[in-house]
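Chain by chain, the residues run as shown.
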Amino acid sequence: MSDTPAHNRSETDTPQMDDASFAAMNPTQLFPASHSTHPPRILILYGSLRERSFSRLSAEEAGRILTRFGAEVKIFDPRGLPQPDGAPLDHPKVAELRDLVTWCEGMVWSSPERHGAMTGIMKSQIDWIPLSLGGVRPTQGKTLAVMQVCGGSQSFNTVNQLRILGRWMRLLTIPNQSSVAKAWDEFDEHGRMKPSPYYNRIVDVMEELVKFTLLTRDIKEHLVDRYSERVESREALSKRVNQSKAVG
């Protein structure tokens, strides 16, 4: 314990910190020298297998809006996807989902609310997405928009849960979100969403998603680079080198 009074100590005195792993803020790293010019790649997941699935219909509307904003959109069909851990990783549907997650730069998750929570179909898709794939985190630093449809009055239980999952998977979840109340009354007989404030909100969410994706996709690795992981990496390297010397 230092005998120096606290008010006399340097404000940058951080003896707990590993200086070799510390990275000072460098604003230039937030502005890449070159920018990607291809359309933003967005993957959409929805959480129902019903023939007339409002989460799927909402997802399709979101896809149309994203396409109009200039994005390249792919929607994953969850039919045939096995339960997590119920099939090998080379199962065709599992491999398809993982390839799409690797391909995309942002995602939209659209789920019904069932028993006050997201559906098992929605959670199964997310659970099949690995935190690490070949040493790379396939979701880290990518953007995410969350949506839900409700059979009754408006609720935010599901989007709140999706946000928790997005944070856990180190996705950059945008501030805006969509929750459609009484979804059965918001779509016509052709499965198209009627003009309404709920539709306008989906437009808002997709517009924001594209903006955040364009803003962050070229610097996503820098945005989620962590001091604690740099320390751990150095420790792991040190252990490996020291072990090698001991064995040799």
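As a starting point, this report considers the structure included with it.

Thresholds applied
- Residues numbered from 1 in each chain as written.
- Predicted model: local features only at pLDDT ≥ 70, side-chain atom pairs only at ≥ 80, totals over all residues.
- Heavy atoms only, no water.
- Helix = DSSP H or I, 4+ residues; strand = E, 2+ residues; numbered from the N terminus.
- Buried < 20%, exposed > 50% of the residue type's maximum accessible area, 1.4 Å probe, protein only.
- Contact = heavy atoms within 4.5 Å.
- Areas by Shrake-Rupley, 256 points an atom, 1.4 Å probe, with all protein chains shown as cover.
- Phe/Tyr/Trp six-rings, centres within 6.5 Å; stacked < 30°, edge-to-face > 60°.
- Lys NZ or Arg CZ within 6 Å of the ring centre and 35° of its normal.
- Axes fitted to C-alpha atoms, helices over the stretch in contact; angles between N-to-C directions.
- Parallel < 35°, antiparallel > 145°, perpendicular 65-115°, else oblique.
- Left-handed = near helix turned anticlockwise from the far one by under 90°.
- Nonpolar A, V, L, I, M, F, W, Y, C, P; charged D, E, K, R; others polar.
- Expected span 1.5 Å × (residues − 1).
- Patch = residues over 30% accessible without salt bridge, like charges linked within 9 Å, V, L, I, M, F, W, Y side chains within 5 Å.
- Salt bridge = Lys/Arg side-chain N within 4 Å of Asp/Glu carboxyl O.
- Pairing = 2+ DSSP bridges.

**With respect to the overall build of the protein chain**
Okay, step 1: Each helix and strand counted, the protein chain has 7 helices and 7 strands in total.
Okay, step 2: N-terminal to C-terminal, the α/β element order of the protein chain is β-α-β-α-β-β-α-β-α-β-β-α-α-α.
Okay, step 3: A burial count over the protein chain gives 41% of its 248 residues as buried.
Okay, step 4: Sequence separation of at least 24 residues holds for 78% of the intrachain contacts in the protein chain that already meet a minimum separation of 6.
Okay, step 5: As displayed, the protein chain has an accessible area near 14,400 Å², and 53% of this comes from carbon and sulfur atoms.

**Remarks on the packing of aromatic side chains**
Okay, step 1: Enumeration according to the criterion identifies 1 aromatic pair in this entry.
Okay, step 2: Taking NZ or CZ as reference, K74 lies 4.4 Å from the ring centre of W103, over its face.

**Digging into the packing of helix α1 (residues 54-68) against helix α5 (residues 197-216)**
Okay, step 1: In contact at an axis separation of 9 Å, α1 and α5 are set at 50 degrees when each is read in the N-to-C sense. By the angle class used here, α1 and α5 are oblique. Remark: the crossing between α1 and α5 carries right-handed chirality. Within the contact between the two elements, α1 uses E61, A62, I65 and L66 and α5 uses Y199, I202, V203, M206, L209 and V210.
Okay, step 2: Per-class residue counts for the contact of α1 with α5 are 9 nonpolar, no polar and 1 charged.

**Digging into α1**
Okay, step 1: In this model, α1 (15 residues) spans 21 Å end to end at C-alpha, consistent with the 21 Å of a helix rising 1.5 Å per residue.
Okay, step 2: Within α1, 11 of the 15 residues are buried, leaving the element largely enclosed by the surrounding structure.
Okay, step 3: Looking at the buried side of α1, the elements it contacts are β1 (41-46), β2 (72-75), β3 (106-114), β5 (143-149) and α5.
Okay, step 4: Phi turns positive, to about 100 degrees, at G70, one or two residues after α1.

**Side note on the side chain of S21**
Okay, step 1: Structurally, S21 can be placed in the segment before β1.
Okay, step 2: Given a relative accessible area of 3%, S21 falls into the buried group.

**Structural notes on a nonpolar patch on the surface**
Okay, step 1: A cluster of nonpolar side chains, contributed by L30, F31 and L223, occupies part of the molecular surface with about 300 Å² of accessible area.
Okay, step 2: Among the secondary structure elements, L223 is positioned in helix α6 (residues 220-223).

**Remarks on the pattern of salt bridges**
Oppositely charged side chains may form a pair once their charged atoms are brought near each other.
Okay, step 1: Applying the stated criterion across every chain yields a total of 14 salt bridges.
Okay, step 2: Among the ionic pairs, E229 bridges to R170, the shortest N-O distance being 2.6 Å. Of this pair, E229 sits in helix α7 (residues 227-247) while R170 sits in the loop between α4 (157-168) and β6 (172-173), and the two are 59 residues apart along the sequence.
Okay, step 3: A salt bridge links E221 to K220; its shortest N-O distance comes to 2.9 Å.

**Examining the pairing of β5**
Okay, step 1: Within β5, 7 of the 7 residues are buried, leaving the element largely enclosed by the surrounding structure.
Okay, step 2: Here β5 shows two buried faces, one formed by T143, A145, M147 and V149 and the other by L144, V146 and Q148.
Okay, step 3: The sheet contact formed by β5 and β6 spans 2 bridges and is parallel. By the bridge assignment, T143 is partnered in β6 with L172.
Okay, step 4: As paired strands, β5 and strand β7 (residues 178-180) are joined by 3 bridges and run parallel to one another. Among the inter-strand pairings, V149 is bridged to a residue of β7, identified as V180.

**Things to note about unusual backbone geometry**
Okay, step 1: If you check the backbone angles, H115 has positive phi at about 55 degrees while not being a glycine.
Okay, step 2: Relative to the helices and strands, H115 is located in the loop between β3 and β4 (117-118).
Okay, step 3: We note that K182 has phi near 45 degrees; this positive angle belongs to a residue other than glycine.
Okay, step 4: Structurally, the position occupied by K182 is in the loop between β7 and α5.

**Focus: the environment of W109**
Okay, step 1: Mapped onto the elements, W109 comes out in strand β3.
Okay, step 2: According to the relative accessible area criterion, W109 is buried, its value standing at 0%.
Okay, step 3: Along the primary structure W109 and I44 are separated by 65 residues, whereas in three dimensions their C-alpha atoms are 6.0 Å apart.
Okay, step 4: Setting aside residues no more than four positions away along its own chain, W109 makes contact with L45, M122, I126, L144, A145, V146, M147, L162, L165, G166, M169 and L171.

Shape is all these values report; function is a separate question.
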